[in-house]
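# Remarks on the overall topology
Chain by chain, the residues run as shown.
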Amino acid sequence: MCCKVLHIGELSKDAGVWCGHFKKGGGCGAYEIRPSACRGFTCLWLDSVRLDDNWRPDKAGFLMYPDKDGKRLNVVVDTGKPTSWKREPYYSKLKAMSQRAYDGFELMVCIGDRRVVMFPSEDVDLGVLNPDHKVVSGFVEREGVQVPFAMVLSDVAQA
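Residues numbered from 1 in each chain as written. Predicted model: local features only at pLDDT ≥ 70, side-chain atom pairs only at ≥ 80, totals over all residues. Heavy atoms only, no water.

Time to look at the state of the cysteines. Taken as a whole, this structure holds zero disulfides when the rule is applied. Free of any disulfide, Cys19 has its nearest cysteine sulfur in Cys3, 5.9 Å distant. (Disulfide = S-S within 2.5 Å.)

This is the structure in structure tokens:
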């Protein structure tokens, strides 16, 4: 799935299209000489002992990986299966994972350029975003209740 859903600049490969090196049933046809972006990438399914074979990206229809700072879990969905993350057993498990939002973590669902921030109580669909814009999310307290928020920040030109 990483050979399809991820953007790989070193190969001029856009997100959502199969890599030219991908061989159906065989994986990477250039495995020994694959670029550093591919060498350094490991999806959560490969690293987690808690995710069984149902979570294998080609079966689930999405892959997951944490950002470098570890504060965001990205769920990158195959645009050919845009609702795969909402199926069970995935959705309820992702909701459980989103509990970490209370501790400052973020669970971001990426469907092409569309972004959805998942919270335990709701999913905030931010729509299609410019990749240069930053997403900020968390909770604010209103009348003693934690209320989730997610917003898009655009770069502000320096005056």
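That shown, we press on.
Across the six residues that make up strand E4 (residues 72-77), a large majority, five, are buried. Note that strand E3 (residues 62-66) and E4 share five bridges and pair antiparallel. For Leu63, the partnering residue across the bridge sits in E4 and is Val76. A loop of five residues connects E3 with E4, the two strands running antiparallel in sequence, and Gly70 in this loop sits at a positive phi of about 75°. Sheet topology note: the E4/strand E5 (residues 106-111) ladder contains six bridges and is parallel. Bridge assignment links Val77 to a residue of E5, and that residue is Ile111. (Buried < 20%, exposed > 50% of the residue type's maximum accessible area, 1.4 Å probe, protein only. Helix = DSSP H or I, 4+ residues; strand = E, 2+ residues; numbered from the N terminus. Pairing = 2+ DSSP bridges.)

Turning our attention to the nonpolar core. If you look at the biggest cluster of nonpolar residues, it comprises 18 residues, and the most contacted ones within it are Leu63, Val117, Phe119 and Leu126. At the level of secondary structure, the elements contributing two or more residues to this core comprise E5, strand E7 (123-128) and strand E8 (134-142). Setting aside anything within four residues of it in sequence, one finds Leu126 in contact with Arg115, Val117, Val135, Ala150, Met151 and Val152. Formed by 16 residues, the second largest nonpolar core is a distinct cluster that contains Ala60, Phe62, Val75 and Leu94. (Core = buried A, V, L, I, M, F, W, Y, C linked by side-chain atoms within 4.5 Å. Contact = heavy atoms within 4.5 Å.)

With respect to the secondary-structure elements, Val128 resides in strand E7. Residues contacting Val128, with those up to four places away along its chain left out, are Asp113 and Arg114.

Our next topic: the sheet that holds E7. What links the strands of a sheet is backbone hydrogen bonding, and the strands pair in either a parallel or an antiparallel sense. An order of E3-E4-E5-E6-E7 is seen for the five strands of this open sheet, with the pairing classed as mixed. Taken across any chain shown, the strands that pair with only one partner, and hence form the sheet edges, are E3 and E7. Geometrically, the sheet is characterised by an average inter-axis angle of 20° between neighbouring strands, direction not taken into account. Sheet topology places strand E6 (residues 114-118) next to E7; five bridges connect them, and they run antiparallel. By the bridge assignment for E7, Met118 is matched with Asp123. (Axes fitted to C-alpha atoms, helices over the stretch in contact; angles between N-to-C directions.)

Attention shifts here to the packing of aromatic side chains. For the structure shown, the criterion picks out eight aromatic pairs. Taking 4.9 Å as the distance between ring centres and 90° as the angle between the ring planes, the aromatic pair formed by Trp55 and Tyr90 counts as edge-to-face. One end of the pair, Trp55, is in the loop between helix H3 (44-47) and helix H4 (57-60); the other, Tyr90, is in helix H5 (residues 90-97), and 35 residues separate them in sequence. Residue class for Trp55 comes out buried when judged on its relative accessible area of 7%. Residue class for Tyr90 comes out buried when judged on its relative accessible area of 5%. Relative to Tyr91, the ring of Trp85 has its centre 6.0 Å away and its plane inclined at 50°; by these criteria the two rings are tilted. Here a set of aromatic residues connected by ring pairs shows up, and it is made of Trp55, Phe62 and Tyr90. Sitting over the ring of Tyr31, Arg34 keeps its end group 3.7 Å from the ring centre. Just above the ring of Phe105 sits the side chain of Arg100; from NZ or CZ to the centre is 3.6 Å. (Phe/Tyr/Trp six-rings, centres within 6.5 Å; stacked < 30°, edge-to-face > 60°. Lys NZ or Arg CZ within 6 Å of the ring centre and 35° of its normal.)

The values reported here are purely geometric and, on their own, carry no functional implication.
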